[in-house]
2 protein chains.
Amino acid sequence: LTRLSEIGEFGLVRKIQALCRRSDGRVKLGIGDDGALLRIRPGFLSVVASDSLVEGVHFDLKYTPPESLGWKSLAVNLSDLAAMAADPVACVIGLGIPDAWTVETVESLYLGMERCGREYGCVVAGGDTVRSPETAFVSVTVVGEVEDGAETRRDTARPGDLICVTGELGGARTGLEVLSSGEKGSWAASAGRFLEPRPRIAEARHLNRTFGVTSMIDISDGLGSELGRLCEASRCGCRVSAETIPVANEARRWAQAKRRDVFDFAMTSGEEYELLFTVDPVRFSESDRRKEPAGSVPFTVIGEIREPSEGMRILDGGRERPWIGKGWDHFNRGGRESATDSR
Amino acid sequence: LTRLSEIGEFGLVRKIQALCRRSDGRVKLGIGDDGALLRIRPGFLSVVASDSLVEGVHFDLKYTPPESLGWKSLAVNLSDLAAMAADPVACVIGLGIPDAWTVETVESLYLGMERCGREYGCVVAGGDTVRSPETAFVSVTVVGEVEDGAETRRDTARPGDLICVTGELGGARTGLEVLSSGEKGSWAASAGRFLEPRPRIAEARHLNRTFGVTSMIDISDGLGSELGRLCEASRCGCRVSAETIPVANEARRWAQAKRRDVFDFAMTSGEEYELLFTVDPVRFSESDRRKEPAGSVPFTVIGEIREPSEGMRILDGGRERPWIGKGWDHFNRGGRESATDSR
């Protein structure tokens, strides 16, 4: 293993350049200068999104390999692009490196980032590596593009719209709990999902083309919290059917083994990076889902957007469940959140 | 003062939105969604640059007001745009907030950022605020634009080009040393320069239009270090005249009072955010500097780009000075840098 002081900042930048050397017609100048130069196409909007992960808050290197941390720190940003129905172009990385890290740790991290970028068409175009003596952080900014008018946002849901969610929920939280507790057993799908989430880039654009999505947000902080954000931004209420929430098999098994309410568990599971979106019911019923190509996106209708006066309600069979608040509020630890909101 | 847990993340975002509410035709959607939507003009390149400041490494809140930290964290990024001769469009902020900070601290920081953005035409378009329990960090990414072909970069200097630097050097280092030592006396210009540097956005574009700049870089890590980077990237050598280096009055006074070599002091002073650039000597001599409008940019010719075989040399009258290396290598503290390289 190599100490960072042995190769210095220049040496590190050269290693990162070697890891991230790829050509893309949209990138005129990549890593190595004061900024990256991008060719963004006419008729498109540029989308810029940023998410930071902090050691001890968002990741724990005891059970997160640096390569997975690299993948994840880019993937969570690509998920923001997915939520806007945008295609990735490039990203820049602000990496705070603690004194204890070796050159190999940084290389593994960039390797994971580069692997994720390659899979989703996002060039690692630059960034800034700095000393952060005690706590590591990875602050990623992605730039994407979307045809002007084809973007999706969170503040445009309308009463009557159907509420949908892609994939299945609960896996990421299961993965986190399995990894942090060191539990044995077969939880590979959940652990993989937690360590290397898959942003729904192609799915978002496919859904928007097929159904004319009326609003969209990604699930980084739990379905309950994100639906709250979407309704707040759109100034709407909603009604959700608890029985329809899609729960991953491992998550159901884990929650039951731990005697937790499966619904609450899935509803508050963060870092899922599935898409929560709304569609117009008329346009939705006119599109024939069975005619979709084989690669079509699995999703579930879980409720309906309502007038704001109706509030946000969850129905479970005949009875009403209490609304489950934000999945995670960074600055609000204990005291004001519901008991199930434990992340 | 208000604890962050009292208003929660949503409350904080709303306060930040209120501070950063400005309209700009190029921003279709700003703070509040998963990403910001920008209209970048056809015929232009998008420039993306990122710089992170870490508490205890790049700033000390003992003598840096949060508002100045906000200004500076954006200004150092705008300086990267200046180095590419680009105009700012928007920025996104990754802010790591320690548990000890209050709501007012965060508001002051955003106020400084917003004030800087307004002055230089850069909209604060989004970002991510996260907990960083022990150490604060501010990771800013700026997006700018420049006419395709009018960008300036660091790897395009050619032997024979004249080496120039804007403004005067040494002030930022004087400011840092005055502030951190608590020294009394009249050092206001230096302290202001260190706390709230002024990125040379308009100057860069003006210089490029007037003289056809052949290469450019901003001085964040000391003139010696940045000239090293420029020569390395351009695969050139250089010759610099020590006597021509422009040194700020306060810096000269401070260095002399502290019995330091004035030239070494100015050459290794980081965080100056002046521009180091090269021009073609023929085109330079044909432009009549006296005909420049009143607002023209003060700069000094300090040397010449040479063939790589000639190496990097500093001449001081008749004798040769040893080359002064990198102003600051984050991971290389002590041991391999020259004694004067103390930042």
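Cut-offs applied
- Residues numbered from 1 in each chain as written.
- Chains lettered and ligands numbered in written order.
- Predicted model: local features only at pLDDT ≥ 70, side-chain atom pairs only at ≥ 80, totals over all residues.
- Heavy atoms only, no water.
- Helix = DSSP H or I, 4+ residues; strand = E, 2+ residues; numbered from the N terminus.
- Rg over C-alpha atoms; globule rule 2.2 N^0.38 Å.
- Buried < 20%, exposed > 50% of the residue type's maximum accessible area, 1.4 Å probe, protein only.
- Contact = heavy atoms within 4.5 Å.
- Areas by Shrake-Rupley, 256 points an atom, 1.4 Å probe, with all protein chains shown as cover.
- Lys, Arg positive; Asp, Glu negative; His and termini not counted.
- Charge placed at Lys NZ, Arg CZ, Asp CG, Glu CD.
- 1 Å grid on protein atoms, 1.4 Å probe; cavity = no way out; pocket = protein on both sides within 12 Å on 5 of 7 lines; lining within 4 Å.
- Points joined across faces, edges and corners; volume = space filled by probe spheres on them.
- Nonpolar A, V, L, I, M, F, W, Y, C, P; charged D, E, K, R; others polar.
- Pairing = 2+ DSSP bridges.
- Axes fitted to C-alpha atoms, helices over the stretch in contact; angles between N-to-C directions.
- Polar contact = N/O pair within 3.5 Å; in protein donor to acceptor, adjacent residues only side chain to side chain.
- Least-squares fit on C-alpha atoms with pLDDT ≥ 70 in both.
- Phe/Tyr/Trp six-rings, centres within 6.5 Å; stacked < 30°, edge-to-face > 60°.
- Buried area = accessible area lost by both parts, 1.4 Å probe.
- Salt bridge = Lys/Arg side-chain N within 4 Å of Asp/Glu carboxyl O.

Observations regarding the overall build of chain A
Looking only at helices and strands, one finds 10 helices and 13 strands in chain A. The C-alpha radius of gyration computed for chain A amounts to 21 Å, which stays within 12% of the reference 20 Å derived for 343 residues, consistent with globular compactness. Taking the principal axes of its C-alpha atoms as reference, chain A extends roughly 65 × 50 × 35 Å. The burial tally for chain A puts 60% of its 343 residues in the buried class. Considering only contacts within chain A whose residues lie at least 6 apart along the sequence, 84% involve residues at least 24 apart. Summed over all atoms, the accessible surface of chain A reaches about 12900 Å², with 48% contributed by carbon and sulfur. Side chains of chain A give 44 positive and 52 negative charges; the mean places of these two sets differ by 2 Å.

Points about empty space enclosed by the protein
It is the rolling of a water-molecule-sized probe over the atoms that shows where space remains empty. Enumeration according to the criterion identifies two cavities of 30 Å³ or more in this entry. There is about 40 Å³ of room inside the largest cavity. For the lining of the largest cavity, the elements supplying multiple residues, two or more each, are α2 (66-83) and α5 (188-195) of chain A. Within the lining of the largest cavity, the residues separate by chemical class into four nonpolar, two polar and one charged. In this structure, the second largest cavity spans a volume of roughly 30 Å³. Lining the second largest cavity, in full, are H58(B), F59(B), D60(B), T64(B), K72(B), F194(B) and L195(B).

A few points about the sheet that holds strand β7 (residues 162-166) of chain B
Residue and element names in this part refer to chain B. An order of β8-β10-β7-β11-β9-β12-β13 is seen for the seven strands of this open sheet, with the pairing classed as mixed. Edge positions in the open sheet fall to β8 (213-218) and β13 (319-321), since each of these has one partner strand only. With strand direction ignored, the average angle separating the axes of adjacent strands in the sheet is 30°. Across five bridges, β8 lies against strand β10 (residues 275-279) in antiparallel orientation. Residue pairing for β10: D218 is matched across the bridge by L275.

Thoughts on the environment of E183(A)
Residue and element names in this part refer to chain A. Considering the arrangement of structural elements, one finds E183 in the loop between α4 (171-181) and α5. You can call E183 partly exposed: its relative accessible area is 34%. Beyond its immediate chain neighbours, meaning those up to four positions away, E183 contacts V178, W254 and K258. In this structure the side chain of E183 is engaged in a polar contact, spanning 3.3 Å, whose partner is the side chain of K258.

Side note on the relation of the copies chain B and chain A
These two copies of the chain differ by a rotation about an axis and a displacement along the same axis. When chain B is fitted to chain A, the best match, at an RMSD of 0.0 Å, comes from turning it 180° and sliding it 0.0 Å along the axis. Considering both components of the superposition, the chain copies are consistent with a two-fold axis. Every residue of chain B has its C-alpha some distance from the rotation axis, and the shortest such distance is that of P42(B), at 2.6 Å. With an isologous cut-off of 70% or more, the 100% of interface residues of chain B that recur at the interface of chain A puts this contact in the isologous class.

With respect to the packing of aromatic side chains
Residues and elements named next belong to chain A. Tallied over the entire structure, the rule returns 13 aromatic pairs over all chains. Geometrically, the ring pair formed by W187 and W254 is edge-to-face, given 5.1 Å between the ring centres and 85° between the ring planes. Taken together, the residues W187 in the loop between α4 and α5 and W254 in helix α8 (residues 249-257) connect sequence positions 67 residues apart. Note on W187: relative accessible area 10%, which makes it buried. A relative accessible area of 3% means that W254 is categorised as buried. Look at F211 and F299: their rings are 5.4 Å apart centre to centre, the planes differ by 70°, and that puts the pair in the edge-to-face class. Of this pair, F211 sits in helix α6 (residues 201-211) while F299 sits in strand β11 (residues 299-306), and the two are 88 residues apart along the sequence. Residue classification places F211 among the buried residues on the basis of a relative accessible area of 2%. A residue is classified by how much of its surface remains accessible, and F299, at 8% relative accessible area, is buried.

Some points on the interface of chain B and chain A
Contacts between the two partners involve 71 residues from chain B, matched on the other side by 72 residues from chain A. When the two sides are added together, the surface that chain B and chain A hide from each other amounts to roughly 6200 Å², 55% of it contributed by carbon and sulfur. One can count zero salt bridges joining chain B with chain A. The tally of links between chain B and chain A comes to four residue pairs in polar contact (both at pLDDT 80 or more). With nine residues, strand β3 (residues 44-54) of chain B is the largest single contributor of residues to the side of chain B that touches chain A.

A word on the pairing of β3(B)
Burial within β3(B) is extensive, with 11 of its 11 residues counted as buried. Side chains F44(B), S46(B), V48(B), S50(B), S52(B) and V54(B) project from β3(B) onto one buried face, and the interleaved L45(B), V47(B), A49(B), D51(B) and L53(B) project onto a second face that is buried too. Alignment of strand β2 (residues 36-38) of chain A against β3(B), held across three bridges, turns out to be antiparallel. If you follow L37(A) over to β3(B), its bridge partner there is V47(B). Here 11 bridges tie β3(B) to strand β6 (residues 137-147) of chain B, and the two strands are oriented antiparallel to one another.

Re the pattern of salt bridges
Counted under the stated rule, the structure contains 56 salt bridges over all chains. When the shortest N-O distance is used, the salt bridge between R115(B) and E196(B) registers 3.0 Å. In this pair, R115(B) is assigned in helix α3 (residues 103-120) and E196(B) in the loop between α5 (188-195) and α6 (201-211), connecting sequence segments 81 residues apart. Look at R115(B) and you get partly exposed, because its relative accessible area is 28%. Several salt bridges share partner residues, and in doing so they unite R193(A), R200(A), E203(A), E272(A) and E274(A) into one network.

Honestly, it's all geometry; don't read function into it.
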